[in-house]
Amino acid sequence: MPAALLLVWGCSVSPEPIRIGLAGSLSDPVGIPMKLAAELAVEEINGQGGVDGRLLELVQRDDYGDPDSAVFVATDLYEAGVSAVIGHIFSGMTLAAAPVYNGGSDPVAAISPSSSSPDISSAGDYTFRICPSDLAHGIALAKWVHDTLKLQRGAVLYLNDQYGRGVRQTFVRDFVRRGGVLQSIDPYLGDTPQVGPFLDRLAKLGGTDFLVVAGNRGEAEEILRQARRRGLMMPILGGDGLEGIEAAGALAEGVHLSSAYLPTLATTANKTFLRAYRKKFPAAGLPNQPAAATYDAVYLLREVIGRAGPKRSAVRRELARVGGGAPAFRGVTGTVAFDAKGDVPNQSVYIGVVQGGAVRLAGGQ
């Protein structure tokens, strides 16, 4: 055979890349760090030779934080032949997309880095997550308020959606179990919640030691402004939905929030991740929880595919064994060991506090 033909033949049998889907609100401030962290992990793994000599290829799709778009994205990735999906970011989108990933003749495993709704646990055999559920966040907040801050009387304002109700449910149950008293538990809706009457009632009652806002950052900032205008200076606490609230400056000073990851964690794995992330993306700011968990998910899939191969059914079977029949995965966000529902019940929930414009690990942990 002529040398030229040998060269062409040799090139033609190069192994094709292993395709991994990345789905989420990739243009959203919460999702951009996720996108960057995934690209960093894939670049590192490919720089080390990939998986059994095959490079990873990241197939990215933006769901724009919309359930209908999430279904479209899931269908697109399903048909694109990816071995697994990392996504989605928000619980509503993960739940909307789950029937697609779990359906058809060749289901595909989807690993959410940050969907915390309790409903994710029953979304399907091919749905996994590597973050604690809202149940864990509510319990962590209740323990922190009652046992560490020693506050006995409080109130709860919660966003009336899956996320807000999940945090409220477990916080209320655990705080009351510990002997605490809640003066009011009230729902709100919208990005600019109309909570004036609730706050007026608290101001009139007096004696409220704290206020839990079970919602998102924007709503919490508006509630903070309304509370401070009424002279309500009690501590404000919330779940991981308050991520980024430190950017509100003096308004957010002293706010406590729960999180499965803080960039200030002093672990070796986190220091290594931070160093690589900041070197590659010097203008991007610090990574968030979805970023750290996505980085872990890419490396987790490298291990799983390395053991089981890239076939979808094999990937799912091997994922389900992580922490059981196969070794647990140790990454930036901690130890990943799945239970029968695809959850990670033993992952830590940290309490952070806004100090000097940054979220720092609160004392006593």
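The following paragraphs examine the structure supplied in this document. On a predicted model such as this, the values are computed, not experimentally measured, just so you know. (Residues numbered from 1 in each chain as written. Predicted model: local features only at pLDDT ≥ 70, side-chain atom pairs only at ≥ 80, totals over all residues. Heavy atoms only, no water.)

1. Focus on the environment of threonine 127
Tracing the chain through its elements places threonine 127 in strand β5 (residues 127–129). For the pair threonine 127 and serine 112, spaced 15 residues apart in sequence, the C-alpha separation works out to 7.8 Å. Sequence-distant contacts of threonine 127, defined by excluding residues within four places in its chain, comprise Thr94, Ala98, Asn102, Ala110, Ile120, Lys341 and Gly342. A distance of 2.9 Å separates a polar atom in the side chain of threonine 127 from a polar atom in the side chain of asparagine 102. (Helix = DSSP H or I, 4+ residues; strand = E, 2+ residues; numbered from the N terminus. Contact = heavy atoms within 4.5 Å. Polar contact = N/O pair within 3.5 Å; in protein donor to acceptor, adjacent residues only side chain to side chain.)

2. As for the nonpolar core
Grouped together as the largest cluster of nonpolar side chains are 73 residues, with contacts concentrated most on Leu211, Phe273, Leu300, Leu301, Leu319 and Phe338. Here this core takes eleven residues from helix α10 (residues 289–308), the largest share from any one element. Beyond its immediate stretch of four places on either side in the chain, leucine 300 contacts Ile111, Leu319, Val322, Phe329, Val336 and Phe338. (Core = buried A, V, L, I, M, F, W, Y, C linked by side-chain atoms within 4.5 Å. Buried < 20%, exposed > 50% of the residue type's maximum accessible area, 1.4 Å probe, protein only.)

3. Quick notes on the sheet that holds strand β14 (residues 358–361)
On the basis of which strands lie adjacent, the open sheet formed by seven strands has the order β7-β6-β8-β9-β10-β13-β14 and mixed pairing. At either margin of the open sheet sits one strand with a lone partner, and together these are β7 (181–188) and β14. Geometrically, the sheet is characterised by an average inter-axis angle of 25 degrees between neighbouring strands, direction not taken into account. Bridge count between strand β9 (residues 236–238) and strand β10 (residues 256–259): two bridges; the pairing is parallel. The residue of β10 that forms the bridge with leucine 237 is histidine 256. (Pairing = 2+ DSSP bridges. Axes fitted to C-alpha atoms, helices over the stretch in contact; angles between N-to-C directions.)

4. Remarks on the pairing of strand β2 (residues 56–62)
Here strand β1 (residues 18–24) runs beside β2; their pairing, made up of seven bridges, is parallel. Bridging across to β2, leucine 22 finds its partner in glutamine 60. For the handedness criterion, the β-α-β arrangement of β1, helix α2 (residues 32–47) and β2 is classed as right-handed. (Right-handed = clockwise from strand over helix to strand, strands pointing away.)

5. Things to note about the packing of α10 against helix α11 (residues 312–321)
Where α10 contacts α11, the axes come no closer than 9 Å and their chain directions differ by 115 degrees. Relative to α11, α10 is oriented roughly perpendicular. Here α10 and α11 pass one another in a crossing that is right-handed. When α10 is examined against α11, the residues Leu300, Leu301, Val304, Ile305, Arg307 and Ala308 are found in contact with a partner set consisting of Ala314, Val315, Glu318 and Leu319. (Parallel < 35°, antiparallel > 145°, perpendicular 65-115°, else oblique. Left-handed = near helix turned anticlockwise from the far one by under 90°.)

6. Quick notes on the sheet that holds strand β4 (residues 110–112)
By way of backbone hydrogen bonds, the strands of a sheet pair with one another, either parallel or antiparallel. Judged by pairing direction, the sheet is parallel, and its five strands sit side by side in the order β2-β1-β3-β4-β5 without closing on themselves. Here the strands that pair on one side only, and so sit at the sheet edges, are β2 and β5. Between one strand axis and the next, the sheet turns through 25 degrees on average, direction left out of account. As judged from the three bridges shared by β4 and β5, these two strands associate in the parallel manner. The partner of serine 112 across the bridge, within β5, is arginine 129. Together, β1, β2 and β3 (84–86) form the strand contacts of α2, whose direction differs from that of β2 by roughly 170 degrees.

7. Thoughts on the packing of helix α5 (residues 134–148) against helix α6 (residues 162–177)
Here α5 crosses α6 at 40 degrees, and the two axes come no closer than 7 Å. Between α5 and α6, the interaxial angle falls into the category oblique. Considering how the two elements wind past one another, α5 and α6 form a crossing that is right-handed. Within the contact between the two elements, α5 uses Asp134, Leu135, Gly138, Ile139, Leu141, Ala142, Lys143, Val145 and His146 and α6 uses Gln162, Tyr163, Gly166, Val167, Thr170, Phe171, Asp174 and Phe175. Residue composition of the contact of α5 with α6, by class: nine nonpolar, five polar and three charged. (Nonpolar A, V, L, I, M, F, W, Y, C, P; charged D, E, K, R; others polar.)

8. A short note on the pairing of β7
Pairing between strand β6 (residues 153–159) and β7: seven bridges, direction parallel. Looking across to β7, one finds that arginine 153 is bridged to valine 181. Handedness of the crossover joining β6 and β7 through α6 is recorded here as right-handed.

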